[in-house]
Amino acid sequence: MNIGFIGIGTMGKPMALNILRAGYALTVNDVSEQAVQELVQQGAQKAKSPCECARQSDIVITMLPNNAIVGAVLQGENGIFAGAKPGTCLIDMSSVSPGFTQKMAKCAKEKGLGYIDAPVSGGVKGATEGTLTIMVGGEQEDIAKVRPVLEVLGKKIHHVGSVSSGDAVKLVNNLLLGINMAAVAEAFTLGTKLGIKPQTLFDIISASSGNSYALSSKIPNFVFKNKFAPGFAIDLQYKDLELAVQTAKESKVPMMLTNVAQQIFEQARAKGLGKEDISAVIKPMEELLGIEVRN
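It should be emphasised that the depicted structure is a prediction, and the values quoted were computed from it without experimental measurement. (Residues numbered from 1 in each chain as written. Predicted model: local features only at pLDDT ≥ 70, side-chain atom pairs only at ≥ 80, totals over all residues. Heavy atoms only, no water.)

Engineer: Describe the overall build of the protein chain, naming the residues involved and giving the relevant values.
Structural biologist: Along the backbone of the protein chain there are 14 helices and nine strands. Here the C-alpha atoms of the protein chain give a radius of gyration of 20 Å, agreeing with the 19 Å that 2.2 N^0.38 yields for 295 residues. If one aligns the C-alpha atoms of the protein chain with their principal axes, the spans along those axes are about 65 × 45 × 35 Å. Put simply, the protein chain has 295 residues, and 52% of those count as buried. Considering only residue pairs separated by 6 or more positions, the protein chain has 66% of its internal contacts joining residues 24 or more positions apart. When the accessible surface of the protein chain is totalled, it reaches about 13600 Å², and 54% of it is carbon and sulfur. (Helix = DSSP H or I, 4+ residues; strand = E, 2+ residues; numbered from the N terminus. Rg over C-alpha atoms; globule rule 2.2 N^0.38 Å. Buried < 20%, exposed > 50% of the residue type's maximum accessible area, 1.4 Å probe, protein only. Contact = heavy atoms within 4.5 Å. Areas by Shrake-Rupley, 256 points an atom, 1.4 Å probe, with all protein chains shown as cover.)

If you want it as structure tokens, here you go:
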């Protein structure tokens, strides 16, 4: 079975490497020639365009930043739809809006292609170790065909419903992550301003009702170490909050906390922190109060 992989960035690269290590023939395409060459050196084949990548593949995986880029890769003149043969199954593992996925799935069906949305959770660590949680939306027949490949990439694979359901679950998950991260940043700056040692705060809260993934992972591994290389970048978190807000508007669902959290991430982006990890959302708050939450 030949696998195509388009989008070999921070998450896509380790995922593609795991596919290679599992023994699959892999063809890759990306706007970054350096990223492509790194995979080629590991045994992958290079495709000059998404069209060429799809033409050579039985399954095509996309791992891309947003709706617009996924749409261009699928529908462009040299896109996947132009090259994929009938029966090819497309797996979009990007974090995009459910409405967008429904439109792309309809186009794929008209061309005789399978379409699955399979966004992931677990960050770079999970992508590297092949332990991602994968939220899958699509038809049972298509999912059965690609499940062995998904099992290379993740340990928890949940078929949550029809196409776009995976994106809906991921949207809700990342909405909570964004709100929780903003809340943790505020709480730790307050506690530190009140004279409590950050380590003391962490030790007590991580064993109490205020604990969360944002606290247990981001405070000790990023904030305390003053290392903000992205596991998940602020720009991407902001994008996911925007997806949640827009989807909620379409469904007439109020999103009070989500809107506030999005503005906190917007503030960090305005400070030039968009490429840093979401934990760096604490920096503008530290600057405002003249403190640092460090161990």
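Engineer: Can you tell me about helix 13 (residues 256-270), naming the residues and giving the values?
Structural biologist: Look at helix 13: 21 Å from first C-alpha to last across 15 residues, which is about the 21 Å you get at 1.5 Å a residue. The set of residues buried in helix 13 consists of Thr-258, Ala-261, Gln-262, Ile-264, Phe-265 and Ala-268. Buried residues of helix 13, viewed axially, fall in a sector of 155°; they line one side. Turned more than 90 degrees off the buried face of helix 13, the exposed positions are Met-256, Val-260 and Ala-270. Positive backbone phi, approximately 85°, marks Gly-272, located one or two places after helix 13. (Expected span 1.5 Å × (residues − 1). Arc of directions from axis to C-beta.)

Engineer: Account for the packing of helix 1 (residues 12-21) against helix 8 (residues 140-153), naming residues and giving values.
Structural biologist: Packing of helix 1 against helix 8 leaves a shortest axis separation of 9 Å and a crossing angle of 120°. When you trace helix 1 past helix 8, the crossing you get is right-handed. In contact with Met-15, Asn-18 and Ile-19 of helix 1, helix 8 contributes Val-149, Val-152 and Leu-153. When grouped by side-chain class, the residues that make up the contact of helix 1 with helix 8 number five nonpolar, one polar and no charged. (Axes fitted to C-alpha atoms, helices over the stretch in contact; angles between N-to-C directions. Left-handed = near helix turned anticlockwise from the far one by under 90°. Nonpolar A, V, L, I, M, F, W, Y, C, P; charged D, E, K, R; others polar.)

Engineer: So, helix 4 (residues 67-75): which residues are in play, and what are the values?
Structural biologist: Those residues of helix 4 that sit buried are Val-70, Gly-71, Val-73 and Leu-74. In a view along the axis of helix 4, the buried residues occupy a sector of 165°, so they form one face of it.

Engineer: I'd love a proper account of the packing of helix 4 against helix 6 (residues 98-110), names of residues and values included.
Structural biologist: At a minimum axis distance of 11 Å, the contact between helix 4 and helix 6 shows a crossing angle of 5°. By the angle between their axes, helix 4 is roughly parallel relative to helix 6. Here helix 4 contributes Asn-67, Val-70, Gly-71, Leu-74 and Gln-75 to the contact with helix 6, which in turn contributes Phe-100, Met-104 and Cys-107. (Parallel < 35°, antiparallel > 145°, perpendicular 65-115°, else oblique.)

Engineer: Residues and numbers for the packing of aromatic side chains, please.
Structural biologist: Within this structure, the stated rule accounts for one aromatic pair. For the ring pair Phe-202 and Phe-224, a centre distance of 6.1 Å and an interplane angle of 70° mean the geometry is edge-to-face. Residue Phe-202 is located in helix 10 (residues 198-205), and its partner Phe-224 is located in the loop between helix 11 (213-223) and helix 12 (234-250); the two are separated by 22 residues in the primary sequence. A residue is classified by how much of its surface remains accessible, and Phe-202, at 13% relative accessible area, is buried. Judged by its relative accessible area of 9%, Phe-224 is buried. Here the basic side chain of Lys-218 rests over the ring of Phe-222, its NZ or CZ set 4.3 Å away from the ring centre. The ring of Tyr-238 has Arg-269 lying over it, and the distance from NZ or CZ to the ring centre is 4.2 Å. (Phe/Tyr/Trp six-rings, centres within 6.5 Å; stacked < 30°, edge-to-face > 60°. Lys NZ or Arg CZ within 6 Å of the ring centre and 35° of its normal.)

Engineer: I'd love a proper account of the pairing of strand 5 (residues 89-92), names of residues and values included.
Structural biologist: Taking every second residue as pointing to the same face, both faces of strand 5 are buried, with Cys-89 and Ile-91 on one and Leu-90 and Asp-92 on the other. The pairing of strand 4 (residues 59-62) with strand 5 spans four bridges and is classified as parallel. Each bridged residue has a counterpart across the sheet, and for Ile-61 the counterpart in strand 5 is Ile-91. Considered for its hand, the β-α-β crossover made up of strand 5, helix 6 and strand 6 (residues 114-117) is right-handed. (Pairing = 2+ DSSP bridges. Right-handed = clockwise from strand over helix to strand, strands pointing away.)

Engineer: Can you explain the environment of Ile-196? Please cite residues and give values.
Structural biologist: Following the sequence through the fold, Ile-196 ends up in the loop between helix 9 (165-193) and helix 10. Ile-196 sits in the partly exposed class, given a relative accessible area of 38%. Along the chain, Ile-196 and Val-293 lie 97 residues apart, while their C-alpha atoms are 10 Å from each other.

Engineer: Can you explain unusual backbone geometry? Please cite residues and give values.
Structural biologist: In this model, Asn-226 sits at a positive phi of 55°, which is unusual for a non-glycine residue. Here Asn-226 lies in the loop between helix 11 and helix 12. Overall, Asn-226 belongs to the partly exposed group, its relative accessible area being 46%. Of note, Lys-252 is a non-glycine position whose phi angle comes to about 60°, a positive value. Take Lys-252: it is sitting in the loop between helix 12 and helix 13.

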